[in-house]
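Observations on the three-dimensional arrangement
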Amino acid sequence: MPFKTIIEPFRIKTVEPIRHTTREEREAALKEAGYNLFLLKAEDVLIDLLTDSGTGAMSSAQWAGMMQGDESYAGGKSFYRFEAAAREITHLKHIIPTHQGRAAERILFGSTLKPGDIVPNNTHFDTTRANIEYVGAEARDLVIAEGRVPSSLHPFKGNMDIDRLEATIAEVGAQNIPLVMMTVTNNSGGGQPVSLENLRAVRAVCDRHGLPFFLDACRFAENAYFIKLREPGYADKTPREIAREMFSLVDGCTMSAKKDGMANIGGFLALRDEGLAGQCKNLLILTEGFVTYGGLAGYDLEAIAVGLKEALDEDYLHYRTRSVEYLGEKLRAAGIPIIWPTGGHAIYIDAKGMLPHIPQREYPAWALSCALYLEGGVRSVEIGSVMFGRQPDGREVPAAMELVRLAFPRRVYTQSHVDYLAEVCLYVNEIKDQVRGVKMVWGAPALRHFTARFEMVGGS
Ligand code: F0G
């Protein structure tokens, strides 16, 4: 085609109004929320980039599928459609539905870990880390060095550092590592992809030491698309073929269908091993529900069955990754430091780089996310020392990076929304010297970012 403009590969059938607020209204809302964007009312947000999780727009095919939801308690048709869709991509035998990704994590870790165990990963996401620590085990992040430097160029910044993985196994002993995980794409590290070459290398290490290998597969389709674009030898393969190859290397996966399942709720745990599947199913029945619904309605299972297929559509993946990159290009052109190249689902602003006048103990990324809301009604999320600074033993250790993530809900915003976002970011960059740090006045012992309360340094 001679045309360069990338359009949203859908037309809009239903609309939901979003509401402008005044700066004064936002100032009051922010104060009321203790300077924690999680505690805002969503109606006070204009463009909501808090997360890409469960916030996507469903397709007409998904809504049609939902009408066929079979709400039988056991053995419903919807479960078998869901199971077939997940199995078709993963080729994993046991597909266990859960209400979302963290339930799959809790069931997997509850069945495999004991206190003192170590779980290596490229970078654990917050709930994954918290579920590991909850059972007294340790979550170790072993992403390659380039993955910890926002500006470093590498096509697969989510890759695992194979030497560090080997060194970890030598240090703690394979018997204390019940499984190795890889997060695709690597959310906490900038939504960066993992190459098939790296997945194969991790598989080889696991085989040498007899260790099971699992994917945190939330964004498997975006990862597959990056492999197609960037890994030699994959340009002519479809995202579906690449995804299958990724899953062929692992013993199981946890999945949040709120991401590349294109659904508003749901997830699953997929396993090869019969014995482990039996154990996990027992835990599932105890806390989630029977094995053919796992805490979901039949219609949710239908939405996921259709969504898993739609997530692998190439036009969609092209539009999605390009929208993120388009915003990234605008921010970079204005000198705003971001993780580059851009990842699949979000832009990550390097707040330490952008706001050098705010020391890490005053949470620069948190402060920046508040400023983006105050000035433009944009909600983002901090991925920095508020999210990760508190250690299980209570110590404060600053996070490796202070990032503000602008996560794109799937199929929700158009190019003019993205142009507006760029304007807001550029404006905040112009007045960045006025952005002040924050002080945490209350924080829960675990996953504190959801509920912590803050004050502005120097008063409001
Ligand atoms: N793993 C990764 C890599 C994630 O990004 C998430 C969720 C989960 C596991 C847990 O899944 O929410 O369905 O229980 N991430 C969301 C986010 C919340 O905003 O990135 P869940």
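Here's what I pulled together on the structure shown here.

Conventions and cut-offs
Residues numbered from 1 in each chain as written. Predicted model: local features only at pLDDT ≥ 70, side-chain atom pairs only at ≥ 80, totals over all residues. Heavy atoms only, no water. Helix = DSSP H or I, 4+ residues; strand = E, 2+ residues; numbered from the N terminus. Polar contact = N/O pair within 3.5 Å; in protein donor to acceptor, adjacent residues only side chain to side chain. Contact = heavy atoms within 4.5 Å. Buried < 20%, exposed > 50% of the residue type's maximum accessible area, 1.4 Å probe, protein only. Pairing = 2+ DSSP bridges. Right-handed = clockwise from strand over helix to strand, strands pointing away. Phe/Tyr/Trp six-rings, centres within 6.5 Å; stacked < 30°, edge-to-face > 60°. Salt bridge = Lys/Arg side-chain N within 4 Å of Asp/Glu carboxyl O. Core = buried A, V, L, I, M, F, W, Y, C linked by side-chain atoms within 4.5 Å. Domains from an automatic or database assignment. Near = heavy atom within 4 Å. Areas by Shrake-Rupley, 256 points an atom, 1.4 Å probe, with all protein chains shown as cover. Nonpolar A, V, L, I, M, F, W, Y, C, P; charged D, E, K, R; others polar. Axes fitted to C-alpha atoms, helices over the stretch in contact; angles between N-to-C directions. Parallel < 35°, antiparallel > 145°, perpendicular 65-115°, else oblique. Left-handed = near helix turned anticlockwise from the far one by under 90°.

1. Here's the deal with the side chain of S111
With respect to the helices and strands, the residue S111 is situated in helix α4 (residues 101-112). A polar atom in the side chain of S111 sits 2.7 Å from the backbone oxygen of I107. The residues contacting S111, other than those within four sequence positions of it, are L276, Q279, C280 and L283.

2. What to know about the pairing of strand β6 (residues 213-216)
Here β6 shows two buried faces, one formed by F213 and L215 and the other by F214 and D216. As paired strands, strand β5 (residues 180-183) and β6 are joined by four bridges and run parallel to one another. Residue V180 lies in a different strand from β6, and its bridge partner there is F213. Each parallel crossover has a hand, and the one from β5 via helix α7 (residues 196-209) to β6 is right-handed.

3. A short note on the packing of aromatic side chains
One pass over the structure, following the stated rule, counts eleven aromatic pairs. Taking 5.9 Å as the distance between ring centres and 80° as the angle between the ring planes, the aromatic pair formed by F82 and F268 counts as edge-to-face. One end of the pair, F82, is in helix α3 (residues 77-90); the other, F268, is in strand β8 (residues 267-271), with 186 residues separating them in the sequence. Each member of the pair, F82 as well as F268, is classed as buried.

4. A short note on the pattern of salt bridges
Taken as a whole, this structure holds 31 salt bridges when the rule is applied. R81 is the partner of E302 in a salt bridge, and the nearest nitrogen-oxygen pair spans 2.7 Å. Pair noted here: E302 is in helix α11 (residues 298-310) and R81 is in helix α3, with a separation of 221 residues, a long-range link. Between D419 and K330 there is a salt bridge whose closest N-O contact spans 3.6 Å.

5. Quick word on the nonpolar core
The biggest cluster of nonpolar side chains holds 57 residues, and the ones touching the most others in it are V180, L199, L215, F220, M246, F268 and L308. Each of domain 1 (23-52 + 313-456) and domain 2 (60-310) contributes no fewer than three residues to this core. Apart from the residues within four sequence positions on either side, M246 is in contact with V184, L196, L199, L215, F220, N223, A224 and I227. One finds A371, V378, L406 and V428 within the second-largest nonpolar core, a separate group that totals 33 residues.

6. So, the site of the ligand
Contacts to the ligand come from 18 residues, most closely from T51, R102, S256, K259 and R405. Contact distances for the ligand include 2.8 Å between an oxygen atom and a backbone N or O atom of G101. Here R405 contributes a side-chain N or O atom positioned 2.7 Å from an oxygen atom of the ligand. Burial of the ligand by the protein amounts to 94% of the accessible area it has alone, namely 470 Å². Counting residues per element, the ones that place at least two in the shell around the ligand are α4 and α5 (126-134). By residue class, the composition of the shell around the ligand is two nonpolar, nine polar and seven charged.

7. Considering the side chain of T292
Mapping T292 onto the fold places it in the loop between α10 (274-287) and α11. What T292 contacts, discounting residues up to four positions off in sequence, is Y73, A74, G75, G76, F79, P97 and L301.

8. A short note on the packing of helix α12 (residues 314-333) against helix α16 (residues 415-430)
Between α12 and α16, the least distance of the axes is 10 Å, while the angle of their chain directions is 30°. Put simply, α12 runs roughly parallel to α16. Relative to α16, α12 is oriented so that their crossing is right-handed. In this structure, α12 uses S323, Y326, L327, K330 and L331 to contact α16, whose residues at the interface are Q415, V418, D419, L421, A422, C425 and L426.

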